[in-house]
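Letter by letter, the chains look like this.
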Amino acid sequence: MRIITASSTWNLTVVPNAFAMGGLAADIVADTVRVKPNAVVSVPTGTTPLTLFEELAARSRRGEIDLSRIELFCLDDYVGVTADDPNSLTGWLKSAFIDRAGIDPDHVHSVPAAATDLASATLAYERDLAALGGLDLAIVGLGPNGHVAYNEPGSLADSRTRVVSLTAESRAQAAAYWRHSVPIPRSAVTIGVGTLLDAKQIVLVVTGESKAEMLRRTLEERTSADVPASWLRLAKNRLMVITDEAAASRLSGRRVSHS
Ligand code: PGA
């Protein structure tokens with residue numbers, strides 16, 4: 001494992017493969033709940049977190065971790081799609097993670113993507129999160145177009161939970177998971193970049209060669225709305241990036257300030 005650390009800035013840990021990423025991210029979750037059993041946590045959807053979910057489910061089965069008291073905030077979902085819809089990201093998270101890791105379903109806070117009044121519902125989501133003291137640990141993934149949650153290119157660092165239009169690239173990515181013939185929605189509700197930046201700790205998990213160029217842009221180009229994940233660097237030493245060797249293959253180690 002290569003660790004590049006600097007106390008005043010974000011940390012990058014390069015591990016050999018996706019399984020090692022899942023193990024290390026699980027260790028961070030374990031440390032968080034050891035200190036605060038009712039920690040407020042978010043996890044991403046997608047392929048990247050699967051090794052983390054496997055590891056946490058296994059530790060939970062073996063009685064090594066207790067996630068029953070955490071408050072889990074979902075990051076995003078498609079507008080008009082309810083959690084019981086087969087295409088729901090919240091529904092996907094329920095079967096891939098929540099049900100297997102011993103998380104109390106009453107402690108799951110989905111984004112209000114099926115609300116009739118999305119403006120008030122997204123404000124209420126922010127209020128619920130704030131009432132619990134904000135995120136203690138935000139685990140997030142990196143989209144192929146640089147999105148974080150569904151903060152698509154153009155998203156600003158101070159954006160809050162809101163409705164966004166999905167790019168063609170994100171809709172193509174979603175197609176891999178889409179279960180039936182209704183068209184993939186053109187919009188989603190996503191937690192904001194600013195909402196994520198308020199977290200006490202942020203862990204960005206990235207694996208695979210296909211993400212190498214976007215990870216380089218995220219970490220080594222100037223922070224910008226063109227690559228919304230780059231805003232995470234504003235969290236400085238509250239951000240830890242965990243990546244496998246393949247995704248790290250284009251990193252030069254050069255650090256660029258955000259100004
Ligand atoms: P992926 O998605 O893990 O399936 O690549 C990441 C994301 O879009 O956040």
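Below is a short write-up of the structure. If you're wondering where the values come from, they're calculated on a predicted model, not measured in any experiment. (Residues numbered from 1 in each chain as written. Predicted model: local features only at pLDDT ≥ 70, side-chain atom pairs only at ≥ 80, totals over all residues. Heavy atoms only, no water.)

1. As for the site of the ligand
In plain terms, the rule: The criterion for a residue being near a molecule or strand is simple. One of its heavy atoms has to lie within 4 Å of it. Whenever a nitrogen or oxygen atom comes within 3.5 Å of another N or O atom, the pair is scored as a polar contact, on the condition that within protein one atom can donate a hydrogen and the other can accept it, and that pairs from neighbouring residues in sequence are kept only if both atoms are in side chains. Only the protein chains shown count as covering a residue, and every accessible area follows the Shrake-Rupley method with a 1.4 Å probe. In this classification, the charged set is Asp, Glu, Lys and Arg, the nonpolar set is Ala, Val, Leu, Ile, Met, Phe, Trp, Tyr, Cys and Pro, and all remaining amino acids, among them Gly, are polar.
Lining the immediate surroundings of the ligand are Gly46, Thr47, Thr48, Gly141, Leu142, Gly143, His147, Gln173, Tyr177 and Lys211. Separating an oxygen atom of the ligand from a side-chain N or O atom of glutamine 173 is a distance of 2.9 Å. Lysine 211 places a polar side-chain atom, nitrogen or oxygen, 2.6 Å from an oxygen atom of the ligand. Considering the ligand on its own, with 280 Å² of exposed area, one finds that the protein chains cover 86% of that surface. The class makeup of the residues in the shell around the ligand is 2 nonpolar, 7 polar and 1 charged.

2. Structural notes on the packing of helix H2 (residues 50-61) against helix H3 (residues 89-98)
For the record, the criterion: Inter-axis angles, ranging from 0 to 180 degrees, are taken between N-to-C directions of lines fitted to C-alpha atoms, where helices are fitted over the stretch in contact. Runs of E in the DSSP output that reach at least two residues are strands. Runs of H or I that reach at least four are helices, and both are numbered from the N terminus. Angle categories: roughly parallel below 35 degrees, roughly antiparallel above 145, roughly perpendicular from 65 to 115, and oblique for all the rest. Contacts are assigned to residue pairs with any non-hydrogen atoms lying within 4.5 Å of each other.
Between H2 and H3, the least distance of the axes is 9 Å, while the angle of their chain directions is 50°. Looking at the two axes, H2 sits oblique to H3. Facing Leu50, Phe53 and Leu56 of H2, the residues of H3 in contact are Trp92, Leu93, Ala96 and Phe97. In terms of residue class, the contact of H2 with H3 is made up of 7 nonpolar, no polar and no charged.

3. Re the pairing of strand S11 (residues 239-244)
To keep it simple, the criterion reads: Type-normalised accessible area, obtained with a 1.4 Å probe on protein chains alone, sets the label of each residue: buried when under 20%, exposed when over 50%, and partly exposed for intermediate values. DSSP-based pairing: two strands are paired if at least 2 bridges between them are found. Assignment of crossover handedness uses the view with strands pointing away from the viewer, where a clockwise path from the first strand over the helix to the second indicates a right-handed crossover.
With 6 of 6 residues buried, S11 lies mostly within the body of the structure. Here S11 shows two buried faces, one formed by Leu239, Val241 and Thr243 and the other by Met240, Ile242 and Asp244. Here strand S10 (residues 201-206) pairs with S11 via 5 bridges, running parallel. Across the sheet, the residue bridging to valine 206 is threonine 243, located in S11. Assessed by its sense of winding, the connection that carries the chain from S10 through helix H7 (residues 212-220) to S11 is right-handed.

4. A word on unusual backbone geometry
Unusually for a residue other than glycine, alanine 149 sits at a positive phi of about 50°. Even without glycine at this site, lysine 236 takes up a positive phi of about 50°. Mapping lysine 236 onto the fold places it in the loop between H7 and S11.

5. Here we look at the sheet that holds strand S9 (residues 187-190)
Read across the sheet, 3 strands follow the order S5-S9-S8 without closing on themselves; strand pairing throughout is antiparallel. Only two strands of the sheet have a single partner each, and these edge strands are strand S5 (76-78) and strand S8 (162-165). Strand-to-strand, the axes of this sheet are offset by a mean angle of 30°, without reference to chain direction. Across 4 bridges, the pairing between S8 and S9 is antiparallel. Of the residues in S9, the one forming a bridge with serine 165 is serine 187.

6. Observations regarding the pattern of salt bridges
Condition: Counted as salt bridges are all cases of a side-chain nitrogen of Lys or Arg within 4 Å of a carboxyl oxygen of Asp or Glu.
Applying the stated criterion across every chain yields a total of 14 salt bridges. With its nearest N and O atoms 3.3 Å apart, the salt bridge here joins arginine 250 to glutamate 213. Of this pair, arginine 250 sits in the segment after S11 while glutamate 213 sits in helix H7; the two residues are 37 residues apart in sequence, bridging distant segments of the chain. Its salt-bridge partner being arginine 217, residue glutamate 221 comes within 3.4 Å of it at the nearest N-O pair. Judged by its relative accessible area of 26%, arginine 217 is partly exposed. Salt bridges linked by common partners bring Glu213, Arg216, Arg217, Glu221 and Arg250 together as one network.

So, to be careful, I would describe these as geometric facts and stop short of saying anything about function.
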